[in-house]
Amino acid sequence: MQTRQDVAEMIRVFGRIGLMSFGGPAAQIALMHRELVERRDWLSERQFLGALSFTMLLPGPEAMQLATYAGWRRDGTRGGLIAGGLFVAPGALVVMLLAALYVSFGQLPLVAALFLGIKATVIIVVIEALLRVSRKALKGRLAYGLAALAFLGLFAFSLPFPLIIAVAALLGALLMGRKAEDAEAPPVSLMRALRTVLIWGALWLGPLALLWGIAPDSVLTEVGLFFSKLAVVTFGGAYAVLAYMVQQVVGDFGWLTTGQMMDALGLAETTPGPLILVTEFVGFLAGAGQGGLGLGVLAACVTLWVTFMPCFLWIFAFAPYVEWITAQPRLNGALSGITAAVVGVILNLSIWFALHVFFTDVTATALGPATLWLPDPSTIDPGAILLAGLAAWLLMQRKWDLLAVLGTMAAAGAVWSLGILPLFG
């Protein structure tokens, strides 16, 4: 059992990590490695890498789950709650405030102008994620094939995202399974894991069941049910699941427009914490659209609960068996298959965002059994293309910090859109 001083140190360390966790999962994982392995020796190198491989097998944000695992290693369930909670809390509070401001002032011309530059930056950020993931994931013809099939399934045939992930995991388990290097498989207790699943499953789904019983047709129930489903299919990180989220919240539910969805991602990129906090923004707008700011706050809280409670469930139930899980060839193969498919999913997301930023009019066109999103060439936005080129130069060539690029691009978008100083022509 940790002393009061030890707990205070955990709060200080994981609070610092939560406040500094900008830049997406790669930067967040690097930050935790520096704080937990290099500076404090709270995890060994092998424990850190094993935990990272384990969290990549799970649905949900791997960086938040890695922090929760590190806290659990330090002080059991209490430590996991401290670490995971502090990783999410700063960003969640900021997103709540930004969502309220967006709902109140988002239609002003200046705000729309600022977001043009942010949207252009988001396209480059997603492309960077595509390049980064593809270098690690696409090793061999089978991996390239899975990526191509995932892309076609989403882009041309609008197949459900969970189906694509399930098929990729199955093919990976059958065809790509291999034993992890230096992995050991200690005995496990299935009863202990089952008991933990039941307890945390009740904490996760109990409030949702109560909400459904009280108001089954309310937007709060709809938001809770949707994001609960999303929480169990978010393999591959936030970028991978965004295409599925856009399809549902824009096309099926009509909670947001595509432009608002891109604004949501741009805001999430500027805040600390996991990028999946974009779901909080979506939940807020869904609630506010039907009942004002008060309902927006409630919907955002429901979204946070059903998004992050499963993360604690996965870690507390299965963290004691990390060594056993990572030693299973089939599970490693399933992870490889999912990771390869994620490349195709992110490629679909890149094209989707680029089309809707660079062109004003994009329509769905049926071509036999396929349905393609095709732009009207006459509605091209040269300013958006120029801004995206500037963002690519700053991020990829000049290697600027993402926050600095977002601030610069917001200003550049305002300059272009408001005609203060034409960028060309």
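This is a predicted model, so every value here is computed, not measured. (Residues numbered from 1 in each chain as written. Predicted model: local features only at pLDDT ≥ 70, side-chain atom pairs only at ≥ 80, totals over all residues. Heavy atoms only, no water.)

Met 32, Met 245, Trp 255, Met 261 and Phe 353 are the most contacted members of the largest nonpolar core, which has 130 residues in total. Examining the composition of this core, we find that 18 residues originate from one element, helix H12 (residues 278-318), more than from any other. Other than its neighbours up to four places away in sequence, Trp 255 contacts Val 219, Glu 222, Val 223, Phe 226, Phe 227, Val 249, Gln 260, Val 282, Ala 286 and Gln 290. Grouped together as the second largest cluster of nonpolar side chains are 5 residues, Phe 151, Phe 155, Ala 156 and Leu 372 included. (Core = buried A, V, L, I, M, F, W, Y, C linked by side-chain atoms within 4.5 Å. Buried < 20%, exposed > 50% of the residue type's maximum accessible area, 1.4 Å probe, protein only. Helix = DSSP H or I, 4+ residues; strand = E, 2+ residues; numbered from the N terminus. Contact = heavy atoms within 4.5 Å.)

The next thing to look at is the pairing of strand E2 (residues 370-375). Each regular strand displays side chains that alternate between the two surfaces of the sheet. Here strand E1 (residues 362-367) runs beside E2; their pairing, made up of 6 bridges, is antiparallel. Within the sheet, the bridge partner assigned to Ala 366 lies in E2 and is Thr 371. What sits between E1 and E2 in their antiparallel hairpin is a turn of 2 residues, with Gly 368 showing a positive phi close to 65°. (Pairing = 2+ DSSP bridges.)

When you line up the elements, Ile 351 lands in helix H14 (residues 329-358). On the accessibility criterion, Ile 351 (27% relative accessible area) is partly exposed. With 22 residues separating them in the primary sequence, Ile 351 and Trp 373 have C-alpha atoms 9.5 Å apart.

Quick look at the packing of aromatic side chains now. Across all of its chains, the model carries 12 aromatic pairs by this definition. Between the aromatic rings of Phe 14 and Trp 42, the centroid separation amounts to 6.0 Å while the plane-to-plane angle is 40°, which identifies the pairing as tilted. Taken as a pair, Phe 14 in helix H1 (residues 4-20) and Trp 42 in the loop between helix H2 (24-38) and helix H3 (45-56) lie far apart in primary sequence, 28 residues in all. Assigned by exposure class, Phe 14 and Trp 42 land together as buried. (Phe/Tyr/Trp six-rings, centres within 6.5 Å; stacked < 30°, edge-to-face > 60°.)

Two numbers describe a pair of packed helices, the interaxial angle and the distance between the axes. Following both chains from N to C, one finds helix H8 (residues 190-214) and H12 inclined at 170°, their axes separated by 8 Å at the closest point. It follows from the interaxial angle that H8 and H12 lie roughly antiparallel. Only Val 302, Trp 305, Val 306, Met 309, Pro 310, Phe 312, Leu 313, Phe 316, Ala 317 and Phe 318 of H12 make contact with H8, whose side of the interface consists of Ala 193, Thr 196, Val 197, Trp 200, Gly 201, Leu 203, Trp 204, Pro 207 and Leu 211. Across the contact of H8 with H12, the residue classes tally to 17 nonpolar, 2 polar and no charged. (Axes fitted to C-alpha atoms, helices over the stretch in contact; angles between N-to-C directions. Parallel < 35°, antiparallel > 145°, perpendicular 65-115°, else oblique. Nonpolar A, V, L, I, M, F, W, Y, C, P; charged D, E, K, R; others polar.)

Let's shift gears to the environment of Ala 166. For Ala 166, the position within the fold is in helix H7 (residues 161-175). In this structure, the C-alpha to C-alpha distance between Ala 166 and Val 233, residues 67 residues apart in sequence, is 9.0 Å.

What follows deals with a nonpolar patch on the surface. Together, Leu 152, Phe 157, Leu 159, Leu 163 and Val 167 make up an exposed nonpolar region whose accessible area comes to about 410 Å². By the secondary structure assignment, Leu 163 is in helix H7. Classification of Leu 163 by relative accessible area gives partly exposed; the value is 43%. (Patch = residues over 30% accessible without salt bridge, like charges linked within 9 Å, V, L, I, M, F, W, Y side chains within 5 Å. Areas by Shrake-Rupley, 256 points an atom, 1.4 Å probe, with all protein chains shown as cover. Salt bridge = Lys/Arg side-chain N within 4 Å of Asp/Glu carboxyl O.)

The subject of this paragraph is the pattern of salt bridges. Counted according to the given criterion, the structure contains 5 salt bridges. Salt-bridge contacts for Glu 35 lead to Arg 40; the nearest nitrogen and oxygen are separated by 2.6 Å. Taking the shortest distance from any N to any O, the salt bridge between Asp 75 and Arg 78 comes out at 2.7 Å. On the criterion of helical spacing, the pair formed by Asp 75 and Arg 78 is a turn pair, its members being 3 residues apart in helix H4 (residues 62-105). For Asp 75, a relative accessible area of 11% gives the class buried.

It is worth spelling out the confidence of the model for the protein chain at this point. The pLDDT averaged across the protein chain works out to 83; a share of 89% of its residues lies at or above 70. Within the protein chain, no element has a lower average pLDDT than helix H13 (residues 322-326), which sits at 70, and none a higher one than H12, at 93. Confidence drops under pLDDT 50 across residues 421-425; counting only partners more than four residues distant or on other chains, this segment forms 9 contacts. (pLDDT = per-residue confidence, 0-100.)

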